[in-house]
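Here's the letter readout for the chains.
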Amino acid sequence: MSVICIIPARYASTRYPGKPLVALRGATGQAQSLIERSWRAACSVSGFDAIYVATDDARIADAAAGFGASVLMTSPEARNGTERCAEALAQLGDGVEMVVNLQGDAPLTPPWFLEALIAGLRADPGAAIATPILRCDGETLAALKADRAAGRVGGTTAVVDHAMRGLYFSKEVIPFTAQNYANDAPTPVFHHVGVYAYRPDALRAYPDWPIGPLETLEGLEQLRFLEAGHPVLCVEVAAQGRKFWELNNPEDVPRIEAMLKEMGLP
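Remember, it's a predicted structure, so these values are computed and weren't measured experimentally. (Residues numbered from 1 in each chain as written. Predicted model: local features only at pLDDT ≥ 70, side-chain atom pairs only at ≥ 80, totals over all residues. Heavy atoms only, no water.)

Chemist: Please give an account of the environment of A42 that cites residues and values.
Modeler: Along the chain, A42 turns up in helix α1 (residues 34-43). For the pair A42 and N249, spaced 207 residues apart in sequence, the C-alpha separation works out to 22 Å. For A42, the residues in contact, after removing those within four places along its chain, are C5, I7, F48, I51 and L102. (Helix = DSSP H or I, 4+ residues; strand = E, 2+ residues; numbered from the N terminus. Contact = heavy atoms within 4.5 Å.)

Structure (structure tokens):
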């Protein structure tokens, strides 16, 4: 039984076409594409038996093969990363214990986020899917609110119950808080980290579930699990001094490059 990492990537992003091939410069000034940085993030994780880039675009496939990644070609009909992972899983056959979806816009994901995610799903047999959440500090919360005030989606937030099952995920900043927080102070808002671990049976079934109104409104694939009545386990992870942000908009490029340099990442 193996743990497989799949990095879904598409060229035709509505908000940022060609995003996987955008170059990002780190502390050394070396430029690496977003998809390469995401793949290298996956390579640093303990516990993966194989890592694949799943795409429908020859430009991304060629770039991924160029830096040494294994590639699975999927159809352009996949409506989100989870459906693309389901298509990729169908090519891999049986013997898979768990599929981890590291979305190709999360190059700053630390390895311990994914290691904790794998451990969390293994420890909870009642969950079909698990995803990490990170408690926002004041600086991150201010950045999320600033993006929303400017009409941008800077990230997704999550609210959970006492058992750490997801109650809701939103591109709005939830729960509401009017309080001001110091940059390094913890807040009641959780930043959803766009990574998922699935049990294979749930991943195979996902494309056949109807797309509900909440997924349609928010454009968040994990809401299909909630709308279909399947619990989503949220695993709280700790930043341990690392900055985290996803590349959603062109304005995120200098922000992520600044984080790479601040943390001394190449």
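Chemist: Before we move on, could you go through unusual backbone geometry and cite the residues and values that matter?
Modeler: Cis geometry is adopted by the peptide bond preceding P175, which originates at I174 and carries an omega value of -5°. One can find P175 in the loop between β9 (166-170) and β10 (186-192). In this structure, M164 is a non-glycine residue whose phi angle is positive, near 65°.

Chemist: Explain the pattern of salt bridges to me, using residue names and the numbers behind them.
Modeler: Enumeration according to the criterion identifies 16 salt bridges in this entry. The shortest N-O distance in the salt bridge between E236 and R135 comes to 3.8 Å. One end of the pair, E236, is in strand β12 (residues 232-237); the other, R135, is in strand β7 (residues 129-137), with 101 residues separating them in the sequence. For R135, a relative accessible area of 36% puts it in the partly exposed group. Across the pair E215 and R224 runs a salt bridge, and its minimum N-O distance is 2.8 Å. For the pair formed by E215 and R224, the shared burial category is buried. Each of the salt bridges in this network shares a partner with another, and the network as a whole consists of R79, E83, E215 and R224. (Salt bridge = Lys/Arg side-chain N within 4 Å of Asp/Glu carboxyl O. Buried < 20%, exposed > 50% of the residue type's maximum accessible area, 1.4 Å probe, protein only.)

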